[in-house]
Structures are given as C-alpha cells and as structure tokens.
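In case you want the letters, here they are:
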Amino acid sequence: MTRFLALPLILAAAAVPALAQDTSPAQLRSGYEAESGAAADPAAGKAFFLAEHSGGKPETPSCVTCHTSDPRAAGQARTGKTIEPLAPAANPERLTDSAKVEKWFGRNCNSVLGRDCTAAEKANIVAWLASF
Amino acid sequence: MIRRFTLILALAFPAAPVLADDDYMPPVTHPATAEECSACHMAYPAGFLPARSWQAIMGNLENHFGEDARLDEATRAEIEAYLVSNAAPRVRGVAETATPLRISELPWFKREHEREVSARMMERAKSMSNCVACHKGAERGYFEDD
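On a predicted model such as this, the values are computed, not experimentally measured, just so you know.

### Some remarks on the overall build of chain A
Here is step 1 of the chain: Each helix and strand counted, chain A has six helices and two strands in total.
Here is step 2 of the chain: For chain A, with 132 residues in total, the buried portion stands at 39%.
Here is step 3 of the chain: Long-range pairs, those at least 24 residues apart, make up 57% of the contacts in chain A with a sequence separation of at least 6.

Next up, the structure:
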C-alpha cells in the first residue's frame with residue numbers, strides 16, 4: 001500500500017509553482033538606492049547584518065542568529081531546518097524574486113529590530129550579499 | 001505501537017481521510033500552504049490540529065512562536081481556509097474549549113514521544129517541531145519509526 005500511495009504524492013508535490021525570477025541583485029540594489037536617495041554602502045550592510053540589535057523578539061537578536069556570519073554558508077532556522085546560503089555567489093536563486101526578498105525583509109527585520117528595514121538598510125545589505 | 005496509533009487516529013480523526021497506513025497523515029497538497037509554511041519547518045499536515053487552532057495560528061503570524069511569519073492578506077486567508085477545511089474534527093484528549101497551538105504538545109504526541117525518543121535523537125533534531133529529523137517520510141505523510 002505504501003508504494004502505491006507514493007507515486008501520486010510525488011506527482012502532486014511536483015505541481016508546486018517555480019520561483020518567479022523577476023529581478024537581479026543589481027536591479028534590487030538600484031531600486032532600493034533610488035528609494036532612499038543614497039548610494040549603497042556594503043560595509044554598512046555587513047555591520048548591520050553582524051550586529052546585535054534590540055527592539056525585536058528576544059529569540060532573534062541578530063540576522064546571524066539564523067544565517068550565520070558567513071553568507072556563503074548555510075544557516076539554520078530555530079526549528080533545526082537548514083537555510084540555504086544568502087550570498088548569490090553560493091546560491092544563485094537568492095535576490096532574484098522581488099516579492100520573496102520583500103517578504104523576508106518584512107519578516108526578518110521585524111523579528112530582529114521590531115520594525116521594517118529602511119530602503120537604505122536594504123540597499124546596503126543587498127550590496128554586501130552580492131559582493132561575495 | 002502501530003496498532004495503538006491506529007486506534008488513536010480512528011478516534012481522533014473520524015472524518016479525516018486517513019489512508020490504509022497506520023502511521024500516515026495526508027501531507028499538505030495546497031500549493032500556497034506547501035510553499036509558505038515550509039520555509040522554517042516542514043509544512044505540518046492540517047489533520048493534526050482542530051480548525052480553531054489553525055485560526056488562532058493564522059490570526060497571529062506576526063508573533064509566531066517567537067518569530068514574525070507575516071503574509072500578505074490574500075495568501076494568509078487562502079492558507080487559513082485550506083487548513084481549516086482539512087483540520088481534525090476532534091483531537092483525543094483535547095477539550096472543545098482548548099485551543100492547542102502545537103502538535104508537539106497534544107496528549108497523544110507526548111505519550112508517543114515521551115519514552116521512545118532518545119537523548120541522541122533529540123540532540124540531532126534540536127526541537128520536537130523538527131519532525132523530519134526523526135521521521136524521514138514526514139513530508140510525504142509518513143510518521144513511521146525510522
């Protein structure tokens with residue numbers, strides 16, 4: 001019985017829609033730069049990413065809590081699930097889907113800082129992640 | 001063990017589409033739920049929790065077990081509707097007035113996992129919410145011993 005059930009399940013799983021690859025790290029960076037009116041600063045992005053912040057949820061003081069301090073390395077969600085690397089150099093799917101990037105900035109900035117990230121902060125982070 | 005679980009399933013989910021296998025719970029087939037609820041942990045099968053639990057979870061995604069898991073309203077509502085319509089009609093040992101937020105704190109779950117889980121397994125899994133660490137087939141709906 002187990003075997004008979006497996007096939008339709010695999011077929012059903014294959015129907016999940018693929019990523020919408022509608023942007024690139026460079027396009028995202030210039031979009032956020034235009035919004036903030038300032039040039040991105042990758043070093044500031046790095047400092048922001050590695051820093052311990054306050055104002056967010058106690059469980060997640062830093063981006064590093066889940067992503068580690070090396071964006072080329074895999075991280076780990078608090079549930080033990082692996083998070084693929086954030087740097088496009090290590091994971092070409094990153095920073096190619098604008099809705100996905102906005103969704104995770106929205107969630108993660110609120111978890112870590114208790115507020116949305118500014119366009120300038122997003123430009124800096126994208127520029128740093130793309131610099132590897 | 002398997003037989004005992006069959007009984008629990010039969011009592012707990014009389015109307016849920018439980019298939020022939022004893023340790024089987026239909027996995028999430030709804031695309032938005034499978035996509036959005038699998039980033040931080042596996043997409044938990046709807047049939048493990050009652051409708052009121054899914055409503056409570058989906059009504060407070062900004063404060064989701066210590067994280068922000070917010071979604072746009074259209075996606076949020078669509079996922080809630082799927083989870084609610086595939087929820088467990090009743091869960092054994094849980095009063096109609098109680099709204100459990102965790103599968104891993106349901107009475108049957110605690111009974112099944114109390115004695116059977118070794119310290120070594122727990123260390124590898126990190127959290128009881130990480131079903132996949134111990135149940136290799138969890139994403140396909142299988143919670144057998146492996």
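Read on, since the account is not over.
### Some thoughts on the pattern of salt bridges
Here is step 1 of the chain: Using the criterion set out here, one finds ten salt bridges over all chains in the structure.
Here is step 2 of the chain: The partner of R78 of chain A in a salt bridge is E67 of chain B, with the nearest N and O atoms 2.7 Å apart. With R78 of chain A in the loop between β1 (75–76) and β2 (82–83) and E67 of chain B in the loop between α3 (51–58) and α4 (73–85), the pair connects residues from two separate chains.
Here is step 3 of the chain: Overall, E67 of chain B belongs to the buried group, its relative accessible area being 18%.

### Thoughts on the interface of chain B and chain A
Here is step 1 of the chain: Taken together, the contacts link 28 residues of chain B with 22 residues of chain A.
Here is step 2 of the chain: Surface buried jointly by chain B and chain A totals about 2200 Å² across both partners, of which 55% is contributed by carbon and sulfur atoms.
Here is step 3 of the chain: One can count two salt bridges joining chain B with chain A.
Here is step 4 of the chain: For the side of chain B that touches chain A, the leading source of residues is helix α2 (residues 31–36) of chain B, giving four residues.
Here is step 5 of the chain: For the side of chain B that touches chain A, the class distribution of residues is 13 nonpolar, six polar and nine charged.

### Observations concerning the packing of α3 of chain B against α4 of chain B
All names here are of chain B.
Here is step 1 of the chain: The interhelical angle for the contact between α3 and α4, taken along N-to-C directions, is 165°, at an axis separation of 9 Å. Between α3 and α4, the angle falls in the class roughly antiparallel. Pair α3 / α4 crosses with right-handed handedness. Counted together, A51, W54, Q55 and M58 of α3 and R76, I79, E80, L83 and V84 of α4 form the full contact between these two elements.
Here is step 2 of the chain: When its residues are assigned to classes, the contact of α3 with α4 shows six nonpolar, one polar and two charged.

### Points about the confidence of the model for chain B
Residue and element names in this part refer to chain B.
Here is step 1 of the chain: Looking at chain B, pLDDT values average 87 and 84% of them are 70 or higher.
Here is step 2 of the chain: Every residue in residues 1–21 scores below 50 in pLDDT, and together they form 42 contacts with partners more than four places removed in sequence or on other chains.
Here is step 3 of the chain: On the interface metric, ipTM, the complex scores 0.79, and its pTM is 0.88.

### So, the UniProt feature "domain: Cytochrome c" (unreviewed entry) in chain A
Here is step 1 of the chain: Within this structure's numbering, the places UniProt gives as "domain: Cytochrome c" (unreviewed entry) are residues 40–132 of chain A.
Here is step 2 of the chain: This span, residues 40–132 of chain A, is 43% helix and 4% strand, and a straight line between its end C-alpha atoms measures 15 Å.

### Overview of the side chain of T23 of chain A
Here is step 1 of the chain: For T23 of chain A, the location among the structural elements is in the loop between α1 (2–14) and α2 (25–36).
Here is step 2 of the chain: Once residues within four sequence positions are removed from consideration, T23 of chain A is found in contact with L28, L95, T96, D97 and S98 of chain A.

### Considerations on the side chain of H64 of chain B
Residues and elements named next belong to chain B.
Here is step 1 of the chain: Position of H64 relative to the elements: it lies in the loop between α3 and α4.
Here is step 2 of the chain: With relative accessibility at 17%, the residue H64 sits in the buried group.
Here is step 3 of the chain: Setting aside its immediate chain neighbours within four residues, H64 contacts H41, I57 and A69.

The rules we used
- Residues numbered from 1 in each chain as written.
- Chains lettered and ligands numbered in written order.
- Predicted model: local features only at pLDDT ≥ 70, side-chain atom pairs only at ≥ 80, totals over all residues.
- Heavy atoms only, no water.
- Helix = DSSP H or I, 4+ residues; strand = E, 2+ residues; numbered from the N terminus.
- Buried < 20%, exposed > 50% of the residue type's maximum accessible area, 1.4 Å probe, protein only.
- Contact = heavy atoms within 4.5 Å.
- Salt bridge = Lys/Arg side-chain N within 4 Å of Asp/Glu carboxyl O.
- Buried area = accessible area lost by both parts, 1.4 Å probe.
- Nonpolar A, V, L, I, M, F, W, Y, C, P; charged D, E, K, R; others polar.
- Axes fitted to C-alpha atoms, helices over the stretch in contact; angles between N-to-C directions.
- Parallel < 35°, antiparallel > 145°, perpendicular 65-115°, else oblique.
- Left-handed = near helix turned anticlockwise from the far one by under 90°.
- pLDDT = per-residue confidence, 0-100.
- UniProt positions renumbered as here; feature names shortened; annotations may be inferred.

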